[in-house]
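Per-entry structural report
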Amino acid sequence: MADEVVLLDSWASPFGMRLRIALAEKGVKYEYKEEDLSNKSPLLLQLNPVHKKIPVLIHNGKPVCESLIAVQYIDEVWNQKSPLLPSDPYQKAQARFWADYVDNKFGDCLRKVFTSKGEEQEAAKKEFIDCLKLLEEQLGDKPYFGGDNLSFVDVALVPLYSLFKAFETFGNLNIGGDHQCPKLIAWAKRCLQRESVFKSMPDQHKFYDLICENRRKRGLDQ
Amino acid sequence: MAADAGQVKLLGKWPSPFSNRVVLALKLKGVQYNYFEEDLSNKSEELLKSNPVHKKVPVLIHNGKPIAESLVILEYIDETWKSNPLLPDDPYQRASARFWARYLDEKCLPALWDAIWSDENGRAKAVEEAIANLKILENEIKDKRFFGGESIGLVDIAASFVGYWVGILQEIQGLELLTVEKFPKLVKWSEEFTSHPVIKEGLPPRDELFAFFNARATASK
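Criteria and cut-off values
As a convention, each chain's residues are numbered from 1 in the sequence order in which they are written. Working convention: letters from A go to chains and numbers from 1 go to ligands, in the order in which they are written. Selection of residues for local features in this predicted model requires a pLDDT of at least 70, selection of side-chain atom pairs for listing and counting requires 80 or more, and totals for whole chains, interfaces and linings are taken over all residues. Hydrogens and waters are ignored; side-chain quantities use all the structure's heavy atoms. Each domain's extent was defined by an automatic or database domain assignment. Throughout, a residue-residue contact means that at least one pair of heavy atoms, one from each residue, lies within 4.5 Å. In short, buried area is how much 1.4 Å probe accessible area vanishes from two parts on joining, totalled over both. What makes a salt bridge here is a side-chain nitrogen of Lys or Arg within 4 Å of a carboxyl oxygen of Asp or Glu, nothing more. Values of pLDDT, ranging from 0 to 100, describe the predictor's confidence in every residue of the model. At least two bridges found by DSSP between two strands is the condition for calling them paired. Secondary structure elements follow DSSP: runs of H or I of four or more residues count as helices, runs of E of two or more count as strands, with numbering from the N terminus. Interaxial angles span 0 to 180 degrees and are taken between N-to-C directions of axes, which are lines fitted to C-alpha atoms, for helices over the stretch in contact. Burial status follows relative accessibility: with a 1.4 Å probe on protein chains alone, a residue under 20% of its type maximum counts as buried, one over 50% as exposed, and anything between as partly exposed. Here the nonpolar core consists of buried residues drawn from Ala, Val, Leu, Ile, Met, Phe, Trp, Tyr and Cys, with membership extended through side-chain atoms lying within 4.5 Å. The disulfide definition used here is simple: a pair of cysteine sulfur atoms within 2.5 Å.

Here the focus is the domain arrangement of chain A. All names here are of chain A. Here chain A is partitioned into domain 1 (5-77) and domain 2 (89-217). Taking only C-alpha atoms into account, the centre of domain 1 sits 21 Å from that of domain 2. On the side of domain 2, 23 residues touch domain 1, which itself brings 13 residues to the contact. Carbon and sulfur atoms make up 71% of the area that domain 1 and domain 2 hide from each other, which totals about 1700 Å². Three residues stand out in domain 1 for area buried against domain 2, namely Trp11, Met17 and Arg18, and they jointly supply 36% of the buried area on that side. Between the two partners, domain 1 and domain 2, sit two salt bridges. For the salt bridge of glutamate 25 with arginine 194, the shortest nitrogen-to-oxygen distance reads 3.1 Å.

Residue and element names in this part refer to chain B. Partitioning chain B into structural domains gives domain 1 (5-80) and domain 2 (91-219). Measuring from the centre of the C-alpha atoms in domain 1 to the corresponding centre in domain 2 gives 22 Å. Contacts between domain 1 and domain 2 engage 15 residues on the former and 24 residues on the latter. Both faces combined, the contact of domain 1 with domain 2 buries some 1700 Å², and carbon together with sulfur accounts for 71% of it. Scanning the region where domain 1 abuts domain 2 turns up three salt bridges.

The subject of this paragraph is the confidence of the model for chain B. Averaged over every residue, the pLDDT of chain B is 96; residues scoring 70 or more account for 98%. The complex model carries a pTM of 0.95, and its ipTM stands at 0.94.

Bringing the sheet that holds strand β4 (residues 62-65) of chain A into the picture now. Residues and elements named next belong to chain A. Taken in spatial order, the four strands make up an open sheet running β2-β1-β3-β4, and their pairing is mixed. This sheet does not close on itself; its edge strands, each paired only once, are β2 (31-34) and β4. On average, adjacent strands in this sheet sit at an angle of 20 degrees to one another, irrespective of strand direction. In terms of strand pairing, strand β1 (residues 5-9) meets β2 through four bridges, oriented parallel. Bridge assignment links aspartate 9 to a residue of β2, and that residue is glutamate 34. Along the sheet face, helix α3 (residues 67-77) touches β3 (56-59) and β4 and points at about 125 degrees away from the line of β4.

Further remarks concern the pattern of salt bridges. Evaluated as defined, the whole model comprises 30 salt bridges over all chains. Between lysine 26 of chain A and aspartate 75 of chain A there is a salt bridge, with the nearest N and O atoms lying 2.7 Å from each other. Within this pair, whereas lysine 26 of chain A is found in helix α1 (residues 14-26), its partner aspartate 75 of chain A is found in helix α3, the two being separated by 49 residues in sequence. Neither lysine 26 of chain A nor aspartate 75 of chain A differs from the other in exposure class; each is buried. Each of Glu76 and Arg96 of chain A together with Glu75, Glu79, Arg94 and Arg98 of chain B takes part in one network of salt bridges that share partners.

Moving on: the nonpolar core. With 147 residues, the main nonpolar core has Phe106, Leu184 and Trp187 of chain A together with Val162, Leu177 and Leu186 of chain B as its most contacted residues. Counting residues per element, this core draws most heavily on helix α4 (residues 89-114) of chain A, which supplies 13 residues. Other than its neighbours up to four places away in sequence, phenylalanine 106 of chain A contacts Tyr101, Phe128, Cys131, Leu132, Leu135, Leu157 and Leu160 of chain A.

Enumeration according to the criterion identifies zero disulfides over all chains in this entry. Free cysteine: cysteine 181 of chain A, not disulfide-bonded; nearest cysteine sulfur from cysteine 131 of chain A at 10 Å.

The next point concerns the side chain of serine 67 of chain A. Examined against the element boundaries, serine 67 of chain A turns out to sit in helix α3. Other than its neighbours up to four places away in sequence, serine 67 of chain A contacts Phe15, Arg18, Leu19 and Pro55 of chain A.

As structure tokens, this is what we get:
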């Protein structure tokens, strides 16, 4: 029986991007469905009634919600190539710990930087740089967080990192962490050279425009 | 044959439901372990060294190697000691269990905690939020014996706060959150869960937990 894989997603979502990367790494063919988040489809509301959010992976009609859970699902189902999680339980636990860190601590810090201004934003930027430094330390001299190959933590981080870089590049937001995180910068370049990653990236200009619009709506910028 | 535990140590805090999750999992698997009660106002060298990122309990140290974050620890325990599996084999069911465990941690438990410790100003809204979350859980447990099906699983352990702590805390605070009238299925589940012989033995004693949180409630008034 042929697998039917559908991805409910939104072009700008870093969480959706995680799934696009994972599916591409595994060579899984899927149908992409763009959700209008201002007008959520009945399908989305039916398949993710608890959170009503994208991405939702639909495999043979059954929905898998929450991006990191869906990435693990993809890894377990299409386990013939490109393993994203190691088989050793301790290494796996470390990968899950750091993916959780990316989602919670790093993600929260990034959100605070985007949704604040003035003094509050300065404090958020400092906290964010601490997160970057910790990740830099964790990466060390490895090509990827998982070692020689793209893995769970890389997939979790690269979309959020790209989001932050788009904002920094096109906006006047200078986080200033670059000189302290040369390994992360090299890592991001390395990730972007992979087809699975660059094909999953949103258009950077469109992306920046969206971020600016969001900030204007929140009254953070004129 | 008893599972070869190697050296297993748990750094924890007895009233913490997160710390207790690990106790329950280790007991369900029959794993022998050493327990160290952390004083969070004076964190041990070992805690700071084994969880430098968050400096929190619980931390499981297995053969000298530390693992932090309770749900990460639970999955590690499940993968290392194979008896009484906490997660099913099927990837879809595993994803579903992980979804509910995460939902508990990110939405349900914080909403319940906020409602329990809310002051007069925020109480009505916080309680409304907590009730909405309990409705979602009631809808999920349905007529299953446990969230895990016929046997206790990851989600049941993750939901121990709902099944045990909430009853005690709502009594202390004079709130009605988890009641049999509003949530008959969830209450039935909590009774099944807390009367399971291993769980019963692993949960902190009711009167001690009551005294601990009652003191905290009094101090905050």
